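Structural overview for review
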Amino acid sequence: MIEELKDAAHRALTDAGVGASEDKTWPLLVELGWLLVALPEDLGGIEQGLPGACAIYGELGRSVAAAPYLPAMLAMEAVTQSGIEDRDSWIERLSGGEYVAAPLARCSVRVKGGALSGAASAVQAADTAEHLLVFSDEIVAMAPLKTKGVEIVPRITWDETRRLFDVRLDGAALDGGVVLAEGDAARALSRRLTVHRDFALAAESVGAANAMFEMTVEYLKTRKQYGRPLAMFQALKHRCADLKMQISAAEALLQDSLDKLDTEDALTMGRMAKQLAAATYFTVAEEAVQLHGGIAVTKEHACHLYLKRALLNQHLGEGVDRYELDIAASVLGA
Amino acid sequence: MQTNGSADSEALSALRGEVRAWLKENMPTGWREAMTGVEQEAFVALQRDWFGKLVGAGYATPHWPAGWPGGGRSLAEQKVIYEEVARADAPRLIMYFVALYHAACTLIECGSQEQKDKYLPGILKGEVWCQGFSEPNAGSDLASLRTRAELKGDRYVINGQKIWSTMAQYADRCLLLARSGPSDPPQGGLVYLLADMRAKGVTVRPIHQITGDDEFCEVFFDDVEVPVEDRIGEDGAGWAVAQTTLASERGLTLVELSLRMRYALPRFRDVMQAQGRLDDPILRRDLGALTAKVHAACAVADRYLLKRIAGDEQVGDASIVKLCYSRTLRDFVSLGQRMAGLEGQYDVAFMRGATQETGHWALDFMNSYNWTIAGGSDEVQRNILSERMLGMPREPKAWRL
């Protein structure tokens, strides 16, 4: 099932082209039902869980697609896991393709007197969405964006395939929104969403790294200098071999962790998967530009799209260094 | 609790419990301490004893065909045994590895019935075998080997020198690859023989390694006679037989070794604590990055074996596993020796039969080259990966030394 999903996504996104815009990719993924991938069957989904979603993230990464799929999937999961009364109508709205925003980096939101205060960083789709999914140890909620006390600041980034915003909430009312969890339930749900986010970023990074690497090897086979294809030079071959091994390792860790989601510490596994995948993608991108040579620093070639996404992905989630420190804490016991 | 990979079936889970209970009961306790700072003989005694126990329980020969003691286990079952051995931190059967895997699998796959009957029972009784493949001038480029095997009547006469033969000073027999015919192509003209290490003209010289170990040997052959009936396969088909030998352990070792590395992660806590640097964010960050890599190396080895079990291994997959393990291991020991600081340099303890996770970090660092050089060096793996998996063209072969 997941393999079929992956193949279908691959075909659809290959047709859409590398770095395809939101206008193209969002309607496509809504129509193809990708928002329903992780949703349980009794709620109208196809119940492939996080591994199913990761197959899609991988393909979106492969084609550096622009669609704000991750915020939508986080919101779907948050709503599905919550006990709210009008859950089904929310699921219907979201799966119908209503844009939803969610932070891809830090989110610190508190609730006071029925209003929200705090900040959400690297929020995708904040301008087109009606609601922002906020999640912290204190509260998980769908907060209305078009209301008083909400400030949306566009943050133009080098990765033009992602439109990011900082959102500041200052006593923002929840009318028209919904609280999904509070207290202990919020902590648990927030943790679950963090795991989802980390695996999503890992899968996307692995997909993108694979695509960029394949592109590079193809280029080396085609480009001739000194009367031979560049791919014949051992100095370049060995660099490619190392990259291939590193990508395989990140991919194996991702798949292995997805297989073991229910049995072990999911938070740590998500952190490891994200850290290694983002770091590997960064290394691949760094090397791929160098191996392509001059063409890679021009906009004529797709390399720069992958490079910019790689630079950004390192810093999403908890950011570089923080992941390493958290993983170390799991080994050191504190 | 599962150790690695996808969930066990009921039968595998039962086997896992059985192996775990047996190891708890029978494993030599405190072997690491007992093997520190001792002479080779103590290590050999431990190996013999541990081998006997494992053979008795059937855990040394799960890969042998049904009908042999302990044999007939599926690859999935073999994997469970290796995982449990790693988990228990049991000693590795270094002295018997060539006998149990290289010799046995070669005999089983390529040997005649007479040869199987003649040699396999001896292996179970504890005969030690060594490998005579590499030569001083034929390392990575094995096919360029020059040891001569000259057919005279009903026997081959061997002249030449082999090197890197593990525990050859204790070996009863040798898997010998020698040249009996023309070397064009270099893989042609080779013959695969089972040589008696007690025969006249065999000289073994242990190699003094930088760690103080003498695990490897040079073996000299001076007019050593090997009867024709101890040839495996046809004369000239030695290369193909040798490939069977080298493929015999099928990824199990790296499942075990990468797991050993994962189980040894707490050693970093020990060394950081000893150095009073448990809170040092520099070390903690590096440990975090390494931990993800170690888990990834386990996942790579594990998934490779699952692929083999499913029968869809592809060219180059094995090279990824080997290169991933060796590079991760080097990161592992590099970080350990860095954490150990100056104190680590004063720690000159030598542990026999240890893997690379003794916690004596300078020793572990030096030992780790075993995996980046032996069994197909990292550079050879990179060639295989790039040329055979990625399809990058070979360099022209016109240039000659």
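Everything quoted here is computed from the prediction, not taken from an experiment.

All right, on to the overall build of chain A then. Scanning chain A for helices and strands turns up ten helices and ten strands. Whereas a compact globule of 334 residues would reach a radius of gyration of roughly 20 Å, chain A reaches 20 Å, a difference of no more than 12%. The principal-axis extents of the C-alpha atoms in chain A amount to approximately 75 × 45 × 40 Å. Relative to its 334 residues, chain A shows a buried fraction of 59%.

So, about the domain arrangement of chain B. Residue and element names in this part refer to chain B. Along its sequence, chain B is organised into domain 1 (10-92), domain 2 (126-246) and domain 3 (252-389). Between the C-alpha centres of domain 1 and domain 2 the distance comes to 29 Å. Taken residue by residue, the interface counts six residues in domain 1 and seven residues in domain 2. Here domain 1 and domain 2 share an interface that buries about 480 Å² over both sides, 50% of which is from carbon and sulfur atoms. If you sort the residues of domain 1 by the area they bury against domain 2, Gln-40, Val-44 and Arg-48 come out on top, with a joint share of 70%. Put simply, domain 1 and domain 2 have zero salt bridges between them.

Residue and element names in this part refer to chain A. Assignment of secondary structure puts Ala-65 in the loop between helix H3 (49-62) and helix H4 (69-81). Assessed through its relative accessible area of 5%, Ala-65 is described here as buried. Residues Ala-65 and Gly-45 lie 20 residues apart in sequence; the distance between their C-alpha atoms is 23 Å. Excluding residues within four positions of it along the chain, Ala-65 makes contact with Leu-13, Ala-20, Thr-25, Leu-60, Thr-161 and Arg-309.

Another point: the confidence of the model for chain A. When pLDDT is averaged across chain A, the result is 96; 100% of the residues are at 70 or more. Least confident of the elements in chain A is strand S2 (residues 107-112) of chain A, whose mean pLDDT is 92; most confident is strand S1 (residues 100-103) of chain A, at 98.

Asp-184 of chain B connects to Pro-185 of chain B through a cis peptide bond whose omega is 0 degrees. Along the chain, Pro-185 of chain B turns up in the loop between strand S4 (173-179) and strand S5 (190-196). In the Ramachandran plot, Asp-321 of chain A falls in the positive-phi region, its phi being about 75 degrees despite a non-glycine side chain. Looking at where Asp-321 of chain A falls in the secondary structure, it is placed in the loop between helix H9 (303-315) and helix H10 (322-332).

The next point concerns the packing of aromatic side chains. All names here are of chain B. Applying the stated criterion to the full structure yields 17 aromatic pairs over all chains. Judged by centre distance (6.4 Å) and plane angle (75 degrees), the ring pair of Tyr-82 and Tyr-101 falls under edge-to-face. Separated by 19 residues along the polypeptide, Tyr-82 in helix H4 (residues 75-88) and Tyr-101 in helix H5 (residues 97-110) bring together distant segments of the chain. Per residue, the accessibility class of Tyr-82 equals that of Tyr-101, and both read buried. Ring centres of Phe-97 and Tyr-101 lie 5.1 Å apart, and the angle between their planes is 20 degrees; on these two criteria the pair is classed as stacked. Residue Phe-97 and its partner Tyr-101 are both found in helix H5; the two are separated by four residues, about one turn of the helix. For Tyr-101, a relative accessible area of 4% gives the class buried.

Of the voids in this model, the second largest pocket is the one considered here, and its volume is about 1,200 Å³. Of all the elements in the fold, those that place two or more residues in the lining of the second largest pocket are helix H1 (2-16), H3, helix H6 (183-222) and helix H7 (234-259) of chain A together with helix H10 (281-310) and helix H11 (317-346) of chain B. When residues of the lining of the second largest pocket are assigned to their parent elements, the largest contribution, eight residues, is made by H7 of chain A. Each residue belonging to the lining of the second largest pocket can be placed in one class, and the counts come to 17 nonpolar, seven polar and 13 charged.

Moving on, we get to the pairing of strand S5 (residues 139-144) of chain A. Residue and element names in this part refer to chain A. For S5, a buried count of six out of six residues is recorded, marking the element as mostly surrounded by other parts of the structure. Alternating residues of S5 divide into Ile-139, Ala-141 and Ala-143 and Val-140, Met-142 and Pro-144, and every residue in both groups is buried. In this structure, strand S4 (residues 131-135) lies alongside S5, joined through five bridges in antiparallel fashion. Its bridge partner lying in S5, Phe-135 is registered against Val-140. Here S4 folds back onto S5 in antiparallel fashion, the turn holding three residues. In the sheet, S5 pairs with strand S8 (residues 178-182) via four bridges, with the strands oriented antiparallel. Paired with Ala-141 across the bridge in S8 is Val-179.

Scanning the model with the defined rule gives 57 salt bridges over all chains in all. A salt bridge links Arg-285 of chain B to Asp-321 of chain A; the shortest N-O distance between them is 3.8 Å. Here Arg-285 of chain B, found in helix H10, pairs with Asp-321 of chain A, found in the loop between H9 and H10, and the two come from separate chains.

Turning to the state of the cysteines, a few remarks are in order. Residue and element names in this part refer to chain B. Using the criterion set out here, one finds zero disulfides over all chains in the structure. Not part of a disulfide, Cys-130 finds its nearest cysteine sulfur in Cys-174, a span of 3.9 Å. Using a relative accessible area of 0% as the deciding quantity, one classes Cys-130 as buried.

With 98% of its residues at a pLDDT of 70 or more, chain B shows a mean pLDDT of 93. A low-confidence stretch, residues 1-5 of chain B (pLDDT under 50), is modelled with 24 contacts involving residues beyond four sequence positions or located in other chains.

With that settled, consider the environment of Glu-41 of chain B. Residue and element names in this part refer to chain B. On the secondary structure map, Glu-41 appears in helix H3 (residues 40-57). Expressed as a C-alpha distance, the spacing of Glu-41 and Glu-343, which sit 302 residues apart in the sequence, is 30 Å. Of note is the side chain of Glu-41, whose polar atom sits 3.2 Å from the side chain of Tyr-170.

Analysis parameters
- Residues numbered from 1 in each chain as written.
- Chains lettered and ligands numbered in written order.
- Predicted model: local features only at pLDDT ≥ 70, side-chain atom pairs only at ≥ 80, totals over all residues.
- Heavy atoms only, no water.
- Helix = DSSP H or I, 4+ residues; strand = E, 2+ residues; numbered from the N terminus.
- Rg over C-alpha atoms; globule rule 2.2 N^0.38 Å.
- Buried < 20%, exposed > 50% of the residue type's maximum accessible area, 1.4 Å probe, protein only.
- Domains from an automatic or database assignment.
- Contact = heavy atoms within 4.5 Å.
- Buried area = accessible area lost by both parts, 1.4 Å probe.
- Salt bridge = Lys/Arg side-chain N within 4 Å of Asp/Glu carboxyl O.
- pLDDT = per-residue confidence, 0-100.
- Phe/Tyr/Trp six-rings, centres within 6.5 Å; stacked < 30°, edge-to-face > 60°.
- 1 Å grid on protein atoms, 1.4 Å probe; cavity = no way out; pocket = protein on both sides within 12 Å on 5 of 7 lines; lining within 4 Å.
- Points joined across faces, edges and corners; volume = space filled by probe spheres on them.
- Nonpolar A, V, L, I, M, F, W, Y, C, P; charged D, E, K, R; others polar.
- Pairing = 2+ DSSP bridges.
- Disulfide = S-S within 2.5 Å.
- Polar contact = N/O pair within 3.5 Å; in protein donor to acceptor, adjacent residues only side chain to side chain.

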